Amino acid sequence: MADGRTRVYITVDVECAEERILGDTKSPAMGYDLRIWGRFVNQRDPLGIELIMRELEAYGQRGTFFVEAIGSYSFGMDGLTSVCQALHSRGHDVQLHVHPVQRRADWHTRGEPRVSDDIADYPVEEQTRLLLEGRDLLVRAGVPASELLGYRAGNFGANNDTWQAMKRAGLVLSSNYNPCYFSKNCKMQYPGARLGLFETPEPGVYELPVTNFIEPTKRFRHLQITAVTLDEIKHCLLRYRALGVKEVTLVTHSFEFYFLDSAEARRGFPNRLNVERLRGLCRFLDENSKDFEVDTVGALARRLSDAASSTHGVDEVAPPSLQFPHSNPIHHARRVVEQAYKRVAQRFTFG
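What comes next concerns the included structure. All figures in this text were calculated on a predicted structure; none of them were measured in a lab. Numbers given for residues are sequential positions, taken from 1 along each chain in its written order. Totals for whole chains, interfaces and linings use all residues, but because this is a predicted model, local features are given only for residues with pLDDT of at least 70 and pairs of side-chain atoms are given and counted only at 80 or more. As a rule here, side-chain values cover all heavy atoms of the structure and leave hydrogens and water aside.

A word on the packing of aromatic side chains
At step 1: Only Phe, Tyr and Trp rings are paired, with Trp represented by its six-membered ring, and only when their centres lie within 6.5 Å; those with planes under 30 degrees apart are stacked, over 60 edge-to-face, the remainder tilted. If you walk through the whole model with that rule in mind, you get 10 aromatic pairs.
At step 2: Relative to Phe 292, the ring of Phe 284 has its centre 5.9 Å away and its plane inclined at 45°; by these criteria the two rings are tilted.
At step 3: Grouping aromatic residues by their ring pairs yields a cluster made of Trp 163, Tyr 177, Phe 182, Tyr 190 and Phe 198.
At step 4: Distance and angle both matter: a charge sits over a ring if NZ of Lys or CZ of Arg is within 6 Å of the ring centre and within 35 degrees of the ring normal. The ring of Trp 37 has Arg 39 lying over it, and the distance from NZ or CZ to the ring centre is 4.3 Å.

So, the nonpolar core
At step 1: Of all hydrophobic cores here, the largest spans 86 residues; its most connected members are Phe 65 and Val 67.
At step 2: Contacts of Val 67, omitting those with residues within four sequence positions, involve Val 14, Leu 80, Val 83, Cys 84, Leu 87, Val 94, Gln 95, Leu 96, His 97 and Leu 138. Buried Ala, Val, Leu, Ile, Met, Phe, Trp, Tyr and Cys residues that are joined via side-chain atoms within 4.5 Å together make up what is termed a nonpolar core. Burial classification: accessible surface area is computed with a 1.4 Å probe over protein chains only, and a residue below 20% of its type maximum counts as buried, one above 50% as exposed, and the rest as partly exposed. Any pair of residues with heavy atoms lying within 4.5 Å of one another is described as a contacting pair.

Structural notes on unusual backbone geometry
At step 1: A positive phi angle is found at Asn 155, which is not glycine, with a value near 65°.
At step 2: Put simply, DSSP H or I for four residues or longer makes a helix, DSSP E for two residues or longer makes a strand, and each gets a number counted from the N terminus. Here Asn 155 lies in the loop between strand 6 (150-153) and helix 6 (160-169).
At step 3: Located in the positive-phi region is Lys 218, a residue other than glycine, with phi close to 75°.
At step 4: Relative to the helices and strands, Lys 218 resides in the loop between strand 10 (212-214) and strand 11 (220-222).
At step 5: With a relative accessible area of 64%, Lys 218 lands in the exposed category.

Points about the packing of helix 5 (residues 124-140) against helix 6
At step 1: Note on geometry: axes are C-alpha line fits, over the in-contact stretch for helices, and angles between N-to-C directions span 0 to 180 degrees. Where helix 5 contacts helix 6, the two axes come as close as 8 Å, and the packing angle between them is 50°. Taken together, the axis directions place helix 5 and helix 6 in an arrangement best described as oblique. Of the two possible hands of crossing, helix 5 and helix 6 adopt the one that is right-handed. Contacts between helix 5 and helix 6 involve Val 124, Glu 125, Gln 127, Thr 128, Leu 131, Leu 132 and Arg 135 on the former and, on the latter, Asp 161, Thr 162, Gln 164, Ala 165, Met 166, Arg 168 and Ala 169.
At step 2: By the convention adopted, Pro, Cys, Tyr, Trp, Phe, Met, Ile, Leu, Val and Ala count as nonpolar, Lys, Arg, Asp and Glu as charged, and the other residues, Gly among them, as polar. Here the residues of the contact of helix 5 with helix 6 are counted per class, giving six nonpolar, four polar and four charged. When describing relative orientation, an angle under 35 degrees is termed roughly parallel and one over 145 degrees roughly antiparallel, while 65 to 115 degrees is termed roughly perpendicular and anything else oblique. By convention, the crossing between two helices is left-handed when the near helix turns anticlockwise from the far helix through less than a right angle, and right-handed when the turn is clockwise.

Shown next as structure tokens:
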């Protein structure tokens, strides 16, 4: 960080959806058109990755899109290729995302048991195979192999073995360490963890943790663009900068900027509040470019890889403490109101 700015990573998990069972309700599998592109018969413009790219590009910014690869077995290689080529051709960063369950997205219809979707539930040898397989699929889809250096697990469901598997698969940068998910899917625990980029126990593999803050309820909350308010995002960015943390990592998904009315009828509507949050974030970063720089996971991974192979070594990693910043109670209260507004807007939109 030669110019002293805080680097901000806007990361998007790009994925289809497998069949899901909730009680007596079954949600159908959804492929590239609905879940990634957000193409609906009642909308002129797509509401998925095309919208996200457009908002970023309006301010000259580029995002990192962690593209799920294993789902191509269920939803088709052509769909994966069109997604990867659209992202890459417009200068965005494509990195690896894996949801093992999507190899058989119609598992329930097939009468098969649902396999674990968390890579942490697999031995390191199987984790390595999944990473290599996913990486090869993205290469087949047109992403240059030399650019594929980063990985995010589905559900952030990684463990410490994942760093070893990444090393074996030739991957440099993980973005899975997420305190918000420690009680859910993320099984990573490491005393050397930091608020920003840190070296893992596996030589040559680094972790770019998902940025978290502590809510008034004392629980962790990650910086998910569509799940916190714009004020909370700005507050967290400024607090992390004040703490001297060099990297802030935000997350979102390809399907979070629209309401899905009906998968069968292919009807959906924009989630205007979420779009405004993304737009407001891009505007804030542009207006404060003297303090913040939008970077990509791929660019960081290449710098780390190049530095590790040079005689100078790696100088990217700083040792800030693990004293997570706290949210502003007023901002938290506003989020409760905004999230309630979204639920009401969805109900009235769909009648």
